[in-house]
Amino acid sequence: MKYLGSKRRIGPELCDVIFTDAVECMPWVEPFAGGLNMTNHVIARRKSPLLTDTLQISTVHLNELNPYIVALIKAYKSGWTIYDYAHPEIYEHDCPRYGVVIGPRVSEKLYYDIRNNMDNYPPEVVGFCMSNLSFGGVWGGTYAREGHRHKKNGGLDVKGGLTGNYTRSGNVSIKKSMKNWHWDDFQCGDYLHMKLPPPPAVIYCDPPYKNTAKYKDEFDHDIFYDWCRERTAEGYTVYISEYQMPDDFKLIKTIKTKVDFASQRKAPKFIEEYLFKV
């Protein structure tokens with residue numbers, strides 16, 4: 001599922017570290033579940049563990065602050081898709097850049113009306129459009145027009161392998177990931193108020209990264225650092241994905257990954273992602 005900061009690409013490597021570092025059979029907790037991309041990898045690993053794995057997942061507990069994303073996930077899990085939303089601005093479009101017809105998609109006009117009047121639309125529709133149809137996955141950003149995504153992500157293949165049907169590719173991506181959607185508890189709210197299972201448990205945190213693109217809500221990193229320390233003192237095993245953490249957090253893994261945010265980048269850009277442990 002398209003989501004800013006998604007761990008879709010590096011999730012397997014994160015699992016390789018966590019599943020061989022943590023021990024015992026205990027719950028998996030994600031206070032920042034986002035689009036469930038990390039959860040998908042964890043559930044897949046739970047189904048088919050490696051011989052080297054020392055961690056076994058007993059139950060899965062998720063939390064996400066954004067109510068529109070939670071509504072989207074639960075709607076798709078119940079069988080709904082964006083194409084079940086009947087609206088005159090969801091129709092087949094011409095792609096003038098390449099002279100082809102792109103299948104049914106949410107129009108630019110509808111996207112901006114949803115962005116500016118979220119209360120007038122079903123929350124699952126808002127969640128789908130603001131994440132899947134926004135350029136770069138930035139919540140409520142600029143509408144993603146044709147030519148910004150490669151065909152491998154599920155869109156219509158046009159010249160150069162580019163596509164403009166982000167409605168279709170977003171729908172395909174969500175439905176593809178649904179096979180590993182499983183949880184015992186899915187809460188919606190601030191991570192500070194998440195009801196946690198008793199320790200021991202693994203808590204994997206993927207918070208908004210410090211000094212990077214803004215998410216829907218502001219985030220206090222100092223409060224988050226203290227929260228991680230407190231949970232560790234209570235007996236939880238806490239892992240954090242971030243670019244930087246205070247000195248008392250141990251860096252246990254560096255992962256090189258490709259970034260494809262800019263629309264006209266000729267050569268891929270790579271960055272380093274870090275996994276920390278308290």
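Since the model is a prediction, treat every value here as computed from it, not as a measurement.

Enquirer: Hey, could you run me through the pairing of strand β1 (residues 24–30) in this one?
Expert: Regular strands place their side chains on alternate faces of the sheet. Extensive coverage of β1 is indicated by the burial of 5 of its 7 residues. With 6 bridges connecting them, β1 and strand β2 (residues 55–64) associate as parallel partners. Along β2, the bridge assignment pairs Cys25 with Gln56. Relative to strand β8 (residues 202–205), β1 runs parallel, the two being bridged by 2 bridges. Its bridge partner lying in β8, Val29 is registered against Ile203.

Enquirer: Just to check I follow, could you spell out the packing of aromatic side chains for this structure?
Expert: Aromatic ring pairs are reported here in terms of the distance separating the ring centres and the angle at which the planes meet. Tallied over the entire structure, the rule returns 20 aromatic pairs. An angle of 90° between the planes, with centres 5.6 Å apart, marks the rings of Tyr76 and Trp80 as edge-to-face. Take Tyr76: its relative accessible area is 1%, and that puts it in the buried class. Here the aromatic cluster, defined as three or more aromatic residues joined through ring pairs, consists of Phe32, Tyr191, Phe219, Phe224, Tyr225, Trp227 and Phe249. Above the face of the Phe19 ring, Arg45 is positioned so that its terminal group lies 5.4 Å from the ring centre. Over the aromatic face of Phe270 sits the side chain of Lys256, whose NZ or CZ is 5.3 Å from the ring centroid.

Enquirer: I keep staring at the nonpolar core and nothing clicks. Help me out?
Expert: Nonpolar side chains in soluble globular proteins generally cluster together in the buried interior. Ile18, Trp28 and Cys129 are the most contacted members of the largest nonpolar core, which has 54 residues in total. With 7 residues, the top contributor of residues to this core is helix α3 (residues 67–77). Judged by nonpolar contacts, the second largest core, of 18 residues, contains Cys205, Tyr225, Tyr236 and Ile240.

Enquirer: How do you make sense of α3 when you look at a structure like this?
Expert: The α-helix winds at 3.6 residues per turn, so residues separated by three or four positions along the chain end up facing the same way. Across the 11 residues of α3, 8 count as buried, placing the element largely inside the fold. When α3 is considered as a whole, its buried residues turn out to be Tyr68, Ile69, Val70, Ala71, Leu72, Ile73, Ala75 and Tyr76. Contacts made by the buried residues of α3 are with β2, α5 (123–132), α6 (166–177) and β7 (185–188). With a side-chain oxygen positioned 2.9 Å from the backbone nitrogen of Tyr68, the residue opening α3 is Asn66. With its phi angle positive at about 110°, Gly79 sits one or two positions after the end of α3.

Enquirer: What is the right way to look at the confidence of the model for the protein in this model?
Expert: Detailed reading of the predicted coordinates is not advisable wherever pLDDT is low. Considering every residue of the protein, the mean pLDDT works out to 86; 81% of them sit at 70 or more. Per-residue pLDDT, averaged within each element of the protein, yields its smallest value for strand β5 (residues 149–150) (44) and its largest for helix α7 (residues 221–233) (98). In this model, residues 148–162 is a region of pLDDT below 50 whose contacts with residues beyond four sequence positions or in other chains number 37 contacts.

Enquirer: It is not clear to me how unusual backbone geometry should be interpreted in this structure. Could you clarify?
Expert: With the exception of glycine, the majority of residues adopt a negative phi angle, and the majority of peptide bonds are in the trans configuration. Going from Pro199 to Pro200, the amide bond is cis rather than trans, its omega being 5°. The topology assignment puts Pro200 in the loop between β7 and β8. A positive phi angle, near 75°, is found at Glu24, a position not held by glycine. Locating Glu24 in the fold gives a position in strand β1. Owing to a relative accessible area of 48%, Glu24 belongs among the partly exposed residues under this scheme.

Enquirer: What am I meant to see in helix α2 (residues 37–47) here?
Expert: Regarding α2, the residues found buried are Asn37, Met38, Thr39, Asn40, Val42, Ile43 and Arg45. Where the residues of α2 are buried, they touch α1 (11–21), β1, β2, α6 and β8.

Enquirer: How do you make sense of the environment of Tyr111 when you look at a structure like this?
Expert: Structurally, Tyr111 is set in helix α4 (residues 108–116). Distance in space between the C-alpha atoms of Tyr111 and Ser134 is 8.8 Å, their sequence separation being 23 residues. Those residues in contact with Tyr111 that lie beyond four places of it in its chain are Val106, Cys129, Met130, Leu133, Ser134, Gly140, Gly141, Thr142 and Tyr143.

Enquirer: Is there a simple way to explain the packing of α3 against α5 in this structure?
Expert: The relative placement of two packed helices is expressed as an angle between their axes plus a distance between the axes. α5 packs onto α3 with a crossing angle of 105° between their chain directions and a minimal axis gap of 7 Å. On the basis of the axis angle, α3 is roughly perpendicular to α5. Taking contact as the criterion, the partners of Tyr68, Ile69, Ala71, Leu72, Ala75 and Tyr76 in α3 are, on α5, Pro123, Glu124, Val126, Gly127, Phe128, Ser131 and Asn132. Per-class residue counts for the contact of α3 with α5 are 9 nonpolar, 3 polar and 1 charged.

How each quantity is defined
Residues numbered from 1 in each chain as written. Predicted model: local features only at pLDDT ≥ 70, side-chain atom pairs only at ≥ 80, totals over all residues. Heavy atoms only, no water. Buried < 20%, exposed > 50% of the residue type's maximum accessible area, 1.4 Å probe, protein only. Helix = DSSP H or I, 4+ residues; strand = E, 2+ residues; numbered from the N terminus. Pairing = 2+ DSSP bridges. Phe/Tyr/Trp six-rings, centres within 6.5 Å; stacked < 30°, edge-to-face > 60°. Lys NZ or Arg CZ within 6 Å of the ring centre and 35° of its normal. Core = buried A, V, L, I, M, F, W, Y, C linked by side-chain atoms within 4.5 Å. Contact = heavy atoms within 4.5 Å. Polar contact = N/O pair within 3.5 Å; in protein donor to acceptor, adjacent residues only side chain to side chain. pLDDT = per-residue confidence, 0-100. Axes fitted to C-alpha atoms, helices over the stretch in contact; angles between N-to-C directions. Parallel < 35°, antiparallel > 145°, perpendicular 65-115°, else oblique. Nonpolar A, V, L, I, M, F, W, Y, C, P; charged D, E, K, R; others polar.

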